[in-house]
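The primary structure of each chain is shown beneath.
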Amino acid sequence: MPDLTYPLLTAQNATTTNTIINHYATSSEFTTLSTFEGSSILQRDEEDASKLQKGIDIAKAKGVIDPNFVPEEYITVDVLGKNPEEVAEDILLKVRAEDSSSSNNNNNNKGGVVVLCGLSGTGKGTTVATLKHKLESDDGKQVVCWSNGNIFRSVTLLAATWCEQHPEESNGGDITKALTKDNLASFVNMLTFGKFKDGKYDTRICGLGLDYLVSEVQNTELKAPKVSKNIPTVAEVTQGEVILFAAEAIRQMGEDGIFVLLEGREQTVNYVRTPLRFTLTLSDMSLIGKRRAAQRLAAGVLGEVKEGASVEEIEVALDGQLAKMVKEAST
């Protein structure tokens, strides 16, 4: 393993994390912190899964999504002992085989959809970024990373705008009053996915006096307080609507020759049709906590030491951060 140098620390990547884990291989304090972090991650994942399932159950009860829908089988990828490039290559073997099969069937312009799931800490975000780079640079593909987040925000913006336009019916801005079945159907119909400015794919919000392209307002209108504070409430009852909107958008891009990378939880990505479905796992679950602990330590030290700090200074700072975090975890 390399030394804990300042350049390695600033890289904030898998090598940084693995070096810190190796550095504390026999540390009981690090084991305590990593156990705490691992338990916290699993608890949050379970809580998030429960909330998502509640939203899915609501969508099924409303008849928005098919309660008997069965997704294609997931392919399990154990990431233990592998760096992001190796994990990506495992996935690309299947992706390229599917792409080759499509080309042999005279679908030369066909794109694809890659769905990636897994517990927090298994490296989904890094894997998606690596896949995007490799598909673009090595395979010459046009790649889009899709997220449902801006669609939830768009529906929330419409709901908040409805409240502003109906102060009496909304009891002065109670967002739940806007979330009737008819209103939700109307809000979703105000969203259109397709090619807009410069022939680029985008989502248009058009209704209630609004006319925006999501790409142009994703950091302004869609992050305004009236949107941010109401997203959890709106998301709980719009899982089905957003899932179907996303599935259609992803289908359009895939048929247009674009490779779409979709990261998320199984409950929400199950409804996107594709044979390229992967779940990242760790056969040694303790590594989830170790990775998160190492990431926190690296970030803490980076904010403490000066640029160009020596290995010794970094190690002292790491020990200090570790002691501090263990103390916080025990309170």
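Our structure is the block above this text.
As a starting point, this report considers the structure included with it. (Residues numbered from 1 in each chain as written. Predicted model: local features only at pLDDT ≥ 70, side-chain atom pairs only at ≥ 80, totals over all residues. Heavy atoms only, no water.)

**Observations concerning the overall build of the protein**
Summing up its helical and strand segments, the protein has 13 helices and eight strands in all. Viewed in the frame of its principal axes, the protein has a C-alpha envelope of about 60 × 60 × 40 Å. Counting only residues that meet the buried cut, the protein has 44% of its 331 residues in that class. Considering only contacts within the protein whose residues lie at least 6 apart along the sequence, 75% involve residues at least 24 apart. One finds the centroid of the 34 positive side-chain charges in the protein at a distance of 3 Å from the centroid of its 46 negative side-chain charges. (Helix = DSSP H or I, 4+ residues; strand = E, 2+ residues; numbered from the N terminus. Buried < 20%, exposed > 50% of the residue type's maximum accessible area, 1.4 Å probe, protein only. Contact = heavy atoms within 4.5 Å. Lys, Arg positive; Asp, Glu negative; His and termini not counted. Charge placed at Lys NZ, Arg CZ, Asp CG, Glu CD.)

**Brief notes about unusual backbone geometry**
Unlike most non-glycine residues, Gln12 shows phi in positive territory, near 50°. Mapped onto the elements, Gln12 comes out in the loop between helix 1 (6-11) and helix 2 (14-23). Of note in this structure, Leu208 is not a glycine but carries a positive phi near 55°. Considering the arrangement of structural elements, one finds Leu208 in the loop between strand 5 (201-207) and strand 6 (210-213).

**Observations regarding the pairing of strand 6**
Relative to strand 6, strand 5 runs antiparallel, the two sharing four bridges. In the strand pairing of strand 6, Cys206 is matched with Asp211. Where strand 5 folds back onto strand 6 in an antiparallel hairpin, the turn is made up of two residues, including Leu208, whose phi is positive at roughly 55°. (Pairing = 2+ DSSP bridges.)

**Some points on the pattern of salt bridges**
Per the counting criterion, the structure on display carries 20 salt bridges. Of the charged contacts, one joins Asp211 and Arg204 as a salt bridge, the two residues approaching to 2.9 Å between their closest N and O atoms. Here Asp211 falls in the partly exposed class, since its relative accessible area comes to 45%. By relative accessible area, Arg204 is classed as partly exposed at 29%. Between Arg296 and Glu328 there is a salt bridge whose closest N-O contact spans 4.0 Å. Here Glu328 lies in helix 13 (residues 311-329) and Arg296 lies in helix 12 (residues 286-302), a separation of 32 residues in the sequence. Owing to a relative accessible area of 42%, Glu328 belongs among the partly exposed residues under this scheme. (Salt bridge = Lys/Arg side-chain N within 4 Å of Asp/Glu carboxyl O.)

**Describing the sheet that holds strand 3 (residues 142-146)**
With parallel pairing, five strands are arranged side by side in an open sheet as 1-8-2-7-3. Lying at the two open borders of the sheet, with one neighbouring strand each, are strand 1 (75-78) and strand 3. The average angle at which neighbouring strand axes cross in this sheet is 25°, direction not considered. As defined by bridge partners, strand 2 (residues 112-118) adjoins strand 8 (residues 277-281) across four bridges and the pair is classed as parallel. Note on strand 8: the bridge partner recorded for Cys117 is Thr279. Against the sheet, helix 5 (residues 124-137) makes contact with strand 2, strand 3, strand 7 (258-263) and strand 8, and its axis sits at roughly 170° relative to strand 7, the strand it touches most. (Axes fitted to C-alpha atoms, helices over the stretch in contact; angles between N-to-C directions.)

**Let's talk about the sheet that holds strand 6**
By definition, the strands of a sheet pair up through backbone hydrogen bonds, in either a parallel or an antiparallel sense. Read from one edge of the open sheet, three strands run 4-5-6, paired in antiparallel fashion. Either end of the sheet is taken by a strand with one partner, and the two such strands are strand 4 (191-195) and strand 6. In this sheet, neighbouring strand axes are inclined to one another by 20° on average, regardless of whether the strands run parallel or antiparallel. Here strand 4 pairs with strand 5 via five bridges, running antiparallel. Residue pairing across strands places Leu191 opposite Ile205, the latter belonging to strand 5. Packing of helix 6 (residues 149-165) onto the sheet brings it into contact with strand 4, strand 5 and strand 6, and relative to strand 5 it is tilted by some 10°. Where helix 10 (residues 231-255) meets the sheet, it contacts strand 4 and strand 5, and its direction lies at approximately 10° from that of strand 4.

**Section: a nonpolar patch on the surface**
A cluster of nonpolar side chains, contributed by Leu42, Leu119 and Met285, occupies part of the molecular surface with about 220 Å² of accessible area. Along the chain, Met285 turns up in the loop between strand 8 and helix 12. (Patch = residues over 30% accessible without salt bridge, like charges linked within 9 Å, V, L, I, M, F, W, Y side chains within 5 Å. Areas by Shrake-Rupley, 256 points an atom, 1.4 Å probe, with all protein chains shown as cover.)

**Digging into helix 10**
Residues lying three or four places apart along an α-helix face the same way, a consequence of the helix completing one turn every 3.6 residues. With 25 residues, helix 10 ought to run about 36 Å at 1.5 Å a step, yet its terminal C-alpha atoms sit only 31 Å apart, falling short of that. Of all the bends in helix 10, the greatest, near 70°, is centred on Thr238. Of the residues one or two after helix 10, Gly257 is the one with positive phi, at around 90°. (Expected span 1.5 Å × (residues − 1). Bend = angle between axes of the 7 residues up to and from the residue.)

**Describing the environment of Ala14**
The residue Ala14 is located in helix 2 in this model. By relative accessible area, which is 31% here, Ala14 ends up partly exposed. Placed 68 residues apart in sequence, Ala14 and Lys82 show a C-alpha to C-alpha distance of 9.8 Å.

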